[in-house]
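Below are the chains, spelled out letter by letter.
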Amino acid sequence: MVAMPGFLVCAILLMAFMPLHIDVRRDRIHVAKGNSSYAIKSEQVREAMIETSGEMRRMTIRYRGRGGREQSRSFVIGDAVDVNALAMLLEHLRDAGADHVRTS
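The present account deals with the structure reproduced in this document. (Residues numbered from 1 in each chain as written. Predicted model: local features only at pLDDT ≥ 70, side-chain atom pairs only at ≥ 80, totals over all residues. Heavy atoms only, no water.)

### Quick look at the pairing of strand 2 (residues 28-33)
Argument step 1. Alignment of strand 1 (residues 21-24) against strand 2, held across 4 bridges, turns out to be antiparallel. By the bridge assignment for strand 2, Asp23 is matched with His30.
Argument step 2. Counting the residues between successive antiparallel strands, the hairpin from strand 1 to strand 2 contains 3 residues.
Argument step 3. Two elements, strand 2 and strand 3 (residues 36-41), share 6 bridges in a ladder whose sense is antiparallel. (Pairing = 2+ DSSP bridges. Helix = DSSP H or I, 4+ residues; strand = E, 2+ residues; numbered from the N terminus.)

Rendered as structure tokens:
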């Protein structure tokens, strides 16, 4: 009886600290964390921006989700990410249909 709640607590903690993995490609942005994932197609992207304030770097994506609803997601950019390469990929997203791509 004690093993099951202990297992659930360990599983929940493991999922909470599992890193988020984001692939920015020319045709889509693919976000995965644990067993769940979703993709944002380049033609759905309305705005993509990279913001830097001090040591914090953040990528924000505004896109049209299901049913045409406007949605946005923000992601913290890790230190290992080449921001220049990411900005170039976001420029390709703009060329594919995004209204506005900016880095600041």
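### Side note on the pattern of salt bridges
Argument step 1. Under the definition given, this model contains 3 salt bridges.
Argument step 2. Note that Glu47 and Arg62 form a salt bridge whose closest N and O atoms lie 2.7 Å from each other. In this pair, Glu47 is assigned in strand 4 (residues 45-53) and Arg62 in strand 5 (residues 56-64), connecting sequence segments 15 residues apart.
Argument step 3. For Glu70, the salt bridge goes to Arg64, with nearest N and O atoms at 3.5 Å.
Argument step 4. Judged by its relative accessible area of 39%, Glu70 is partly exposed.
Argument step 5. Put simply, Glu47, Arg62, Arg64 and Glu70 are held in one network by salt bridges that share partners. (Salt bridge = Lys/Arg side-chain N within 4 Å of Asp/Glu carboxyl O. Buried < 20%, exposed > 50% of the residue type's maximum accessible area, 1.4 Å probe, protein only.)

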